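# Breakdown of the fold
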There are 2 protein chains.
Amino acid sequence: MCLVSLIPIRPGLEPERRDAARNRQLVLRAARELIEECGADGLTMGTLAQRAGVGKGTVFRRFGSRAGLMMTLLSDAEAGFQGRFMFGPPPLGPGAPPLERLIAFGEERIAWVLEFGELARAADVSAYNRFDVPAAVLWHRHLEMLLREAGLTADPWLMATSLSAVVEPERILHAVRVHQIDPERLAASWRELVSRVVRGA
Amino acid sequence: MCLVSLIPIRPGLEPERRDAARNRQLVLRAARELIEECGADGLTMGTLAQRAGVGKGTVFRRFGSRAGLMMTLLSDAEAGFQGRFMFGPPPLGPGAPPLERLIAFGEERIAWVLEFGELARAADVSAYNRFDVPAAVLWHRHLEMLLREAGLTADPWLMATSLSAVVEPERILHAVRVHQIDPERLAASWRELVSRVVRGA
DNA sequence: AATAGAAACGGACCGCAGTCCGTTTTGCTC
DNA sequence: GAGCAAAACGGACTGCGGTCCGTTTCTATT
């Protein structure tokens with residue numbers, strides 16, 4: 001089971017130095033505590049460094065940026081999601097017809113966003129390359145593959161892009177939190193959408 | 001012709017004081033110059049204030065935030081777009097069948113994003129309420145109306161939300177600038193998508 | 001155990017968006 | 001024109017993400 005990480009793989013095979021490993025754990029633990037207390041949006045890198053008892057430079061050296069840190073914190077949930085749609089039981093995993101897998105993918109993603117969405121929003125790199133993060137590329141490829149399997153011949157790549165846009169955390173959270181849309185209604189709309197997209201060839 | 005502004009209407013009817021009006025013009029002129037020279041992303045509020053010859057506080061008092069300033073700069077282009085799809089000639093404006101209007105809306109929007117997208121990205125308020133800006137609400141209502149007219153009975157409100165997501169500036173610019181997708185291909189995919197969404201009642 | 005150089009450390013520092021509040025300008029009233 | 005309250009001004013200030021670089025710690029080698 002080879003999952004694609006949300007964060008770049010460490011290129012070298014050499015393990016980190018002992019102090020580096022220790023500090024990583026310190027920072028991650030402190031980050032989880034702070035998010036528990038103040039929410040993801042309330043976490044600042046300065047406070048985090050202080051709480052972890054390390055310098056700010058260390059935090060940035062380890063995780064690159066605030067978004068990188070959030071990605072690391074997400075990676076467990078991320079790996080779980082990946083595992084389910086790539087290797088898990090049908091209808092989400094392989095074995096079910098493509099339309100059913102598409103439907104299940106959206107439903108699962110909506111539920112995932114409702115659980116981890118705040119973190120995911122904080123992890124969104126603000127620049128263009130937000131869509132080129134490995135995990136996002138994987139989701140996209142998965143959608144594209146299912147669309148092809150369902151017989152969609154008209155530009156599955158772009159259609160997968162459109163479907164990805166529909167289940168972006170920001171919109172889903174807005175619909176649920178601001179407009180009080182029932183998550184089940186979101187799922188129903190997704191079912192309707194993908195059914196129509198793949199209907200008839 | 002009553003267009004919905006991208007920025008909140010000034011609540012009071014009283015005109016601004018003369019110095020306020022003068023400074024607004026100074027700031028807007030300086031902003032256009034700076035964007036010309038450095039791009040929207042290169043504009044900083046400090047530099048802008050300096051260039052305009054006013055204090056930073058004045059800029060923020062006038063426009064509220066960097067995003068607010070960008071919205072003001074966009075409002076002409078925005079009003080033009082609104083005018084075309086609400087009152088302009090078919091197929092974008094009233095008179096054409098709903099599916100054709102939907103198709104034209106997407107095509108026009110894609111072209112608009114390619115022209116003003118950088119500004120639009122800079123104008124995007126980062127918070128949740130980005131989707132509740134008057135202009136965004138208007139686009140959404142327009143899509144919803146066209147979907148209803150096209151006979152879509154299954155949750156037109158959420159379907160309009162999904163379609164809005166598809167033509168967000170960030171994704172479109174990413175597709176074109178990073179993946180070098182031909183804009184005509186984007187338009188074709190949009191046609192395919194909306195045709196399938198409204199097909200069969 | 002001594003050593004050397006690579007890696008990691010940490011906090012002063014930078015540029016930015018946005019705020020605050022004492023000062024100045026404006027336009028209305030007499 | 002003098003006086004006055006309200007509005008606008010402006011720049012010092014805050015808090016943030018992120019960088020830089022002199023200092024410290026580790027580990028491989030002898």
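Predicted, not measured: the structure shown is a model, and the values here were computed from it. (Residues numbered from 1 in each chain as written. Chains lettered and ligands numbered in written order. Predicted model: local features only at pLDDT ≥ 70, side-chain atom pairs only at ≥ 80, totals over all residues. Heavy atoms only, no water.)

## What to know about the overall build of chain A
In terms of helices and strands, chain A carries 9 helices and 0 strands. In sequence order, chain A lays out its α and β elements as α-α-α-α-α-α-α-α-α. Seen through its C-alpha atoms, chain A measures out along the principal axes to roughly 60 × 45 × 30 Å. Taking all 201 residues of chain A together, 49% fall into the buried category. (Helix = DSSP H or I, 4+ residues; strand = E, 2+ residues; numbered from the N terminus. Buried < 20%, exposed > 50% of the residue type's maximum accessible area, 1.4 Å probe, protein only.)

## A closer look at the relation of the copies chain B and chain A
Mapping chain B onto chain A leaves a residual RMSD of 0.1 Å; the transformation is a rotation of 180° accompanied by 0.0 Å of translation along its axis. Both copies of the chain, as the preceding transformation shows, are related through a two-fold rotation axis. A shared interface surface links the copies, since 100% of the contact residues of chain B are contact residues in chain A too. (Least-squares fit on C-alpha atoms with pLDDT ≥ 70 in both. Contact = heavy atoms within 4.5 Å.)

## Regarding the protein's contact with DNA strand C
The full set close to DNA strand C counts 21 residues, and A:Arg17, A:Asn23, A:Arg62, B:Met45 and B:Lys56 are the nearest of them. Backbone atoms, meaning sugar plus phosphate, form 61% of the atoms of DNA strand C positioned within 4 Å of the protein. The side chain of A:Arg17 places a nitrogen or oxygen atom 2.8 Å from a base nitrogen of DNA strand C. Between B:Arg66 and DNA strand C, the recorded distance is 2.9 Å, taken from a backbone N or O atom to a phosphate oxygen. Residue assignment for the surface near DNA strand C shows that the elements contributing at least two residues are helix 1 (18-38) and helix 3 (56-63) of chain A together with helix 1 (18-38) and helix 3 (56-63) of chain B. Broken down by element, the residue count for the surface near DNA strand C peaks at 5 residues, all from helix 3 of chain A. (Near = heavy atom within 4 Å. Polar contact = N/O pair within 3.5 Å; in protein donor to acceptor, adjacent residues only side chain to side chain.)

## Details of the interface of chain B and chain A
Chain B puts 38 residues into the contact, and the matching count from chain A is 38 residues. Interface area, chain B with chain A, both sides summed: about 3600 Å², of which 58% is carbon and sulfur. Among the residues chain B hides against chain A, the three largest losses belong to B:Tyr128, B:Arg171 and B:Arg196. Together they make up 23% of the total. Inspection of the chain B/chain A interface yields 6 salt bridges. For A:Arg130, the salt bridge goes to B:Glu170, with nearest N and O atoms at 3.0 Å. Of all the secondary structure elements, the ones that give two or more residues to the side of chain B that touches chain A are helix 7 (156-166), helix 8 (169-177) and helix 9 (183-198) of chain B. A class-by-class count of the residues in the side of chain B that touches chain A yields 18 nonpolar, 8 polar and 12 charged. (Buried area = accessible area lost by both parts, 1.4 Å probe. Salt bridge = Lys/Arg side-chain N within 4 Å of Asp/Glu carboxyl O. Nonpolar A, V, L, I, M, F, W, Y, C, P; charged D, E, K, R; others polar.)

## Comments concerning the packing of aromatic side chains
Tallying each qualifying case throughout the model produces 14 aromatic pairs over all chains. Ring centres of B:Trp112 and B:Phe116 lie 5.7 Å apart, and the angle between their planes is 50°; on these two criteria the pair is classed as tilted. With B:Trp112 and B:Phe116 both in helix 5 (residues 98-123), this residue pair falls 4 residues apart, about one helical turn. Here the aromatic cluster, defined as three or more aromatic residues joined through ring pairs, consists of A:Phe81, A:Phe85, A:Phe105, A:Trp112, A:Phe116 and A:Trp139. Above the ring of A:Trp139, the side-chain terminus of A:Arg109 is found at 4.0 Å from the ring centroid. (Phe/Tyr/Trp six-rings, centres within 6.5 Å; stacked < 30°, edge-to-face > 60°. Lys NZ or Arg CZ within 6 Å of the ring centre and 35° of its normal.)

## Comments concerning the protein's contact with DNA strand D
Around DNA strand D, a shell composed of 21 residues is seen, among which A:Lys56, A:Arg66, B:Arg17, B:Asn23 and B:Arg62 lie nearest. In the interface set of DNA strand D, defined as its atoms within 4 Å of the protein, sugar plus phosphate atoms amount to 61%. One of the side-chain N or O atoms of A:Lys56 is found 2.5 Å from a base oxygen in DNA strand D. At the level of secondary structure, the elements contributing two or more residues to the surface near DNA strand D comprise helix 1 and helix 3 of chain A together with helix 1 and helix 3 of chain B. No other element matches the 5 residues that helix 3 of chain B contributes to the surface near DNA strand D.

## Quick look at the domain arrangement of chain A
All names here are of chain A. If you check the domain split of chain A, you get domain 1 (16-64) and domain 2 (66-198). Taking only C-alpha atoms, the centre of domain 1 and the centre of domain 2 are 29 Å apart. At the interface, 13 residues of domain 1 touch 10 residues of domain 2. For the pair domain 1 and domain 2, the two sides together bury roughly 980 Å², of which 66% comes from carbon and sulfur. For the domain 1 face of the interface with domain 2, the top three residues by lost area are Ala40, Asp41 and Phe63, together amounting to 45%. Linking domain 1 to domain 2 there are 1 salt bridge. (Domains from an automatic or database assignment.)

## Regarding the side chain of A:Asn23
Residue and element names in this part refer to chain A. As for its placement among the helices and strands, Asn23 is situated in helix 1. Under the relative-accessibility criterion, Asn23 is labelled buried at 15%. With near-sequence residues (within four places) excluded, Asn23 lies in contact with Val54 and Thr58.

## Regarding the pattern of salt bridges
If you walk through the whole model with that rule in mind, you get 32 salt bridges over all chains. Of the charged contacts in the structure, one is a salt bridge between B:Asp41 and B:Arg121, with a shortest N-O distance of 3.5 Å. Of this pair, B:Asp41 sits in the loop between helix 1 and helix 2 (45-52) while B:Arg121 sits in helix 5, and the two are 80 residues apart along the sequence. Classification of B:Asp41 as partly exposed rests on a relative accessible area of 45%. Between B:Glu144 and B:Arg148 there is a salt bridge, with the nearest N and O atoms lying 2.8 Å from each other. Of the two residues, B:Glu144 and B:Arg148 both sit in helix 6 (residues 134-149), 4 residues apart, roughly one turn of that helix. Classification of B:Glu144 as buried rests on a relative accessible area of 12%. Through salt bridges that share partners, A:Asp124, A:Arg130, A:Glu168, B:Glu170 and B:Arg171 make up one connected network.

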